[in-house]
Amino acid sequence: MAGISIRKAETADARRLADIAYRAWESGIFPLLSEQAGLKEAEQRRLTQAVAETLSRIIVAEVDGIAVAWCSRSSRRAYIPYLFVMPELQGHGIGSMLLRRMESMLELEGAERVHLETPADNVRAVRFYERQGYRILALRPDGRAAHEPFMSVHLEKRLRPFEGDIDDEDL
C-alpha cells in the first residue's frame, strides 16, 4: 500500500484516533461479547479516555495524509496496550509497520522485551502477533465480571536493544 507514513500523534488527532479504536473494537471484539445495554457507549467513552491519557505516547499511521491506525505504549515499561487499524485496512501491513516502529523506539531506550495482551477469543489478533515474533506467555482473566469471563492472552517478544552512544551525526 503506497503513501503510508508514521508520525507522533497530535492533540488534533484525538477524536479520529478514538473513532479508529472504536471501529476496530466494534468489528473485532464486540462480536465476541454478549449483548449488554450501554456496552457500545461505555466502550466509546473508555477508548476516548485511553486516547486522551496516552496521546503523548501514540504513533499514528497515515495513508495519503489520513490517520488510519495507531499504537501506544506504556509510560513506565515496555508494554503496548493499544494497536488499532481501521477494519477495512486490516491485513495490508499497516499494523505490522506500526508495531515494528514502536518496537524500534523501545529498543533504542534499552528494552530487552516488549509485552502486550489481546483477547484470547480474538484469534486473528493472536495469530497476527505470533507472526510478528511474539510468543504466548500466559492466559488470564481480563477483569470483566465473573458471569462473563473473558480471557486475555499475554504475549512477549525479545528485542535487540541498542547499546552505545548515539552521536548527533547519527540522527
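Residues numbered from 1 in each chain as written. Predicted model: local features only at pLDDT ≥ 70, side-chain atom pairs only at ≥ 80, totals over all residues. Heavy atoms only, no water.

Peer 1: It is not clear to me how the pattern of salt bridges should be interpreted in this structure. Could you clarify?
Peer 2: Oppositely charged side chains can form a pair if their charged atoms are brought close together. Within the structure shown, the criterion is met by 10 salt bridges. The salt bridge partner of Arg7 is Glu62, with a shortest N-O separation of 2.8 Å. Here Arg7, found in strand 1 (residues 4-8), pairs with Glu62, found in strand 2 (residues 58-63); they are 55 residues apart in sequence, far enough to count as distant. The class for Glu62 is buried, based on a relative accessible area of 13%. When the shortest N-O distance is used, the salt bridge between Arg73 and Glu109 registers 2.8 Å. In this pair, Arg73 sits in the loop between strand 3 (66-72) and strand 4 (79-80) while Glu109 sits in the loop between helix 3 (94-108) and strand 6 (113-119), placing the two residues 36 residues apart along the sequence. The exposure class of Glu109 is exposed, given its relative accessible area of 54%. A network of salt bridges, in which partner residues are shared, links Arg7, Asp13 and Glu62. (Salt bridge = Lys/Arg side-chain N within 4 Å of Asp/Glu carboxyl O. Helix = DSSP H or I, 4+ residues; strand = E, 2+ residues; numbered from the N terminus. Buried < 20%, exposed > 50% of the residue type's maximum accessible area, 1.4 Å probe, protein only.)

Peer 1: So what exactly am I meant to see when it comes to the sheet that holds strand 4 here?
Peer 2: The pairing of strands in a sheet comes from backbone hydrogen bonds and takes either a parallel or an antiparallel form. A sheet is described by the order of its strands in space; here four strands give the open sequence 4-6-8-7, paired in mixed fashion. The open sheet terminates on both sides in strands that have one partner only, identified here as strand 4 and strand 7 (135-141). Taken together, the six bridges between strand 7 and strand 8 (residues 151-158) define a ladder with antiparallel strand orientation. Counterpart to Pro141 in the pairing with strand 8 is Met151. Running at roughly 145° to strand 6, helix 3 makes contact with strand 4, strand 6 and strand 8 of the sheet. Seen against the sheet, helix 4 (residues 123-131) touches strand 6, strand 7 and strand 8 and runs at an angle of roughly 165° to strand 6. (Pairing = 2+ DSSP bridges. Contact = heavy atoms within 4.5 Å. Axes fitted to C-alpha atoms, helices over the stretch in contact; angles between N-to-C directions.)

Peer 1: What's the story with the packing of aromatic side chains in this structure? I'm lost.
Peer 2: The relative placement of two aromatic rings is captured by the distance of their centres and the angle of their planes. For the coordinates displayed, the defined rule picks out six aromatic pairs. Measuring from centroid to centroid gives 6.0 Å for Tyr82 and Phe84, while their planes differ by 25°, and the two rings are stacked. Residues Tyr82 and Phe84 agree in their burial class; the two are buried. Through successive ring pairs, a cluster of aromatic residues spans Trp70, Tyr82 and Phe84. Here the basic side chain of Arg77 rests over the ring of Tyr79, its NZ or CZ set 4.3 Å away from the ring centre. (Phe/Tyr/Trp six-rings, centres within 6.5 Å; stacked < 30°, edge-to-face > 60°. Lys NZ or Arg CZ within 6 Å of the ring centre and 35° of its normal.)

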